[in-house]
Amino acid sequence: MATATEADAMRRAIALAARALGSTSPNPVVGCVILDALGHTLGEGWHRRAGGPHAEVEALRAAADASHEVRGATAVVTLEPCNHTGRTGPCAGALIDAGIARVVYAVADPNPTATGGAATLDAAGVDVEGGLCADEAAAGNAAWLTSVLHHRPFVVWKYAATLDGRSAAADGTSRWITSAESRADVHRLRAEADAVVVGSGTLRADDPHLAVRGPLPERAAVTQPLRVVVDTTACITAEARVLDDAAPTLVAVGEDADTGHLPGVEIARLPRDKTGVDVHALLTELYRRGVCSVLLEGGSTLAGAFLAAGLVDQVIGYLAPALLGAGPGALGDAGIGTIAQAMRLDITDVTRLGPDLRITATPRHHLRGELKCSPESSKNWAKSSPSKNLGDSSRFQLRGPVVTDGAKHGDSIAVNGVCLTVVDTSDGTFTADVMAETLSRSSLGALTAELPRQPRTPHGARRTPGRPPRPGPRRRHRHHHRADARRALGDRQDRPPGGAEPLRRGQGLHHRRRRQPDRRRGRDDYFTISLIPTTLALTTLGLKKAGDPVNLEVDVLAKYVERLLGGRGTEEPVA
């Protein structure tokens, strides 16, 4: 078990790694801190550039330069030590040779050519522990992890706007909407990116330079990003500021564009789609060039194309306390026609920069593309447990290569506000099983008329085929709900090998959450949620027994629970 001192050291290592953002691609950013038996720091380092010493080697050298003995020490590192020889030797071997007794790392290395360091260390008798501060470390290495796992760069869309969402005035002027503090922060973002991308509209309107300017805190040197202009018809002129020698530049054009007026300019000819250069092809080309992170600076049309394609991983908005009332908006057409299709974001940070606000947000899993639904009775869950029939179900096959690329069995993806558990993936699609109760109470049930529905009883309740309608009103007293909970959860068996069904009585699990009773309204104490077998097998819910507490995410379940409760309010939130 990692200690509090090791956790502090890991956070220090994460901060060290961040100093090299934008300088290490196609390698990850990595930080390392070496501790003695009392928790004192012996040495620290970070990977500064591709081809240079790795973080572990830097930390060992720092300790040696300070005349510290590292034999028997602990190495705290943000990424599993590598196990291969490239331009440098394997870090796992370097730690073993130095006599390190314990290694604590945050994130396992998913790169098949470098992974295996933990196993090598363990085989050499080193005490190894992984997963410490894994979320924080993964966030700091999001660009590299996206590149390795999804074979494309990580995309950050940055924009600046007034409080009413305008990126320029009605006459086209935009300098300056935001403050000097915000503009300085944009240079930090550029320095952390491998490439900065703009469209031809922004090029014509602003003639941007896109290079990093000014000193940056904690950075002795800055690696200039690749400047990328997306210009389908090659309208850029040879006098554009972006074509100077301050930083490298790539102009992405359509396959048939005339570029004769751009001698000496690096050109990438890419296929078109209905809006211009295909953004998928653009990211593929940048990935081929070793780009792991992209800062998308504009304009609104290009941002809309990226969002419509589901290719934006993070949004950073600089909001100025100003109003314009007219003028272009920050975002163009993103293929969103109704409020139900709105791309919902999770805000991860809000920071004051001078008079402005910088808001950082991450899009939730947002699926766009073809949806295929078909009734399938082969997943009749009651077959394996005839004593409790939970009713019919549907199997969904959804096509969305941006989301499904890298999706694996057990992952959760939200579709129309409903979280679905991935049962299988193939050829850019994923498959999920959905209970009839979910179909009847969510928008998924309206996607196609082919989906099977549970028949209704005379009182309007859904019932299981083959089971006679239950007489009397649907409302029952609280003690009946408790009895149902005991029947649903009390007759259990231990989870069998191989992730087989964890319940004897049916494969759905009815979790009931207690609410404060309101005797004036005669409301029930519990609500019921049905879960598919895959969710039970792959989550801790399958291990719950009667009386165990469960946690609910308000963002995912609040509206669904409200529907289960018949739209009635509660004095306290369900969370």
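Note that this is a predicted model, so its numbers are computed, not measured.

Reading the values: rules and limits
- Residues numbered from 1 in each chain as written.
- Predicted model: local features only at pLDDT ≥ 70, side-chain atom pairs only at ≥ 80, totals over all residues.
- Heavy atoms only, no water.
- Salt bridge = Lys/Arg side-chain N within 4 Å of Asp/Glu carboxyl O.
- Pairing = 2+ DSSP bridges.
- Helix = DSSP H or I, 4+ residues; strand = E, 2+ residues; numbered from the N terminus.
- Axes fitted to C-alpha atoms, helices over the stretch in contact; angles between N-to-C directions.
- Parallel < 35°, antiparallel > 145°, perpendicular 65-115°, else oblique.
- Contact = heavy atoms within 4.5 Å.
- Buried < 20%, exposed > 50% of the residue type's maximum accessible area, 1.4 Å probe, protein only.

**Student:** Provide a residue-level description of the pattern of salt bridges, including the pertinent values.
**Tutor:** The tally for this structure, following the rule as stated, stands at 19 salt bridges. Each member of the salt-bridge network shares a partner with another, and the members are Asp185, Arg188, Glu192, Asp349 and Arg358.

**Student:** So, the sheet that holds strand β15 (residues 345-353): which residues are in play, and what are the values?
**Tutor:** Backbone hydrogen bonds hold the strands of a sheet together, and the pairing may be parallel or antiparallel. The strand order across the open sheet built from nine strands is β10-β9-β8-β7-β13-β6-β14-β16-β15, with neighbouring strands paired in mixed fashion. Both outer strands of the open sheet, β10 (266-270) and β15, are each paired with one neighbouring strand and no more. For this sheet, the mean inter-axis angle between neighbouring strands, taken without regard to orientation, is 25 degrees. As defined by bridge partners, strand β6 (residues 154-162) adjoins strand β14 (residues 314-320) across seven bridges and the pair is classed as parallel. Bridge pairing in β14 places Ala160 opposite Tyr318.

**Student:** Lay out the packing of helix α2 (residues 55-65) against helix α3 (residues 91-98) in plain terms, naming residues and giving numbers.
**Tutor:** At a closest axis distance of 9 Å, the pairing of α2 and α3 adopts a crossing angle of 25 degrees. Here α2 is positioned roughly parallel relative to α3, judged by the angle of their axes. Residues Glu56, Val57 and Leu60 of α2 pack against Cys91, Ala94, Leu95 and Ala98 of α3.

**Student:** Summarise the pairing of strand β9 (residues 249-254); cite the residues concerned and give the values.
**Tutor:** With respect to burial, β9 is a largely interior element, six of its six residues being buried. In this sheet, β10 lies alongside β9 in parallel orientation, the contact comprising five bridges. Bridged to Leu250 within β10 is Glu266.

**Student:** Break down the environment of Ala195 for me, with residues and values.
**Tutor:** As for its placement among the helices and strands, Ala195 is situated in strand β7 (residues 195-199). It is 4.8 Å that separates the C-alpha atoms of Ala195 and Pro225, two residues lying 30 residues apart in sequence. In contact with Ala195, not counting residues within four places along its chain, are Pro225, Leu226, Val228, Val291, Ser293, Val294 and Leu295.

Everything listed here is a matter of coordinates, which is why it stays silent on function.
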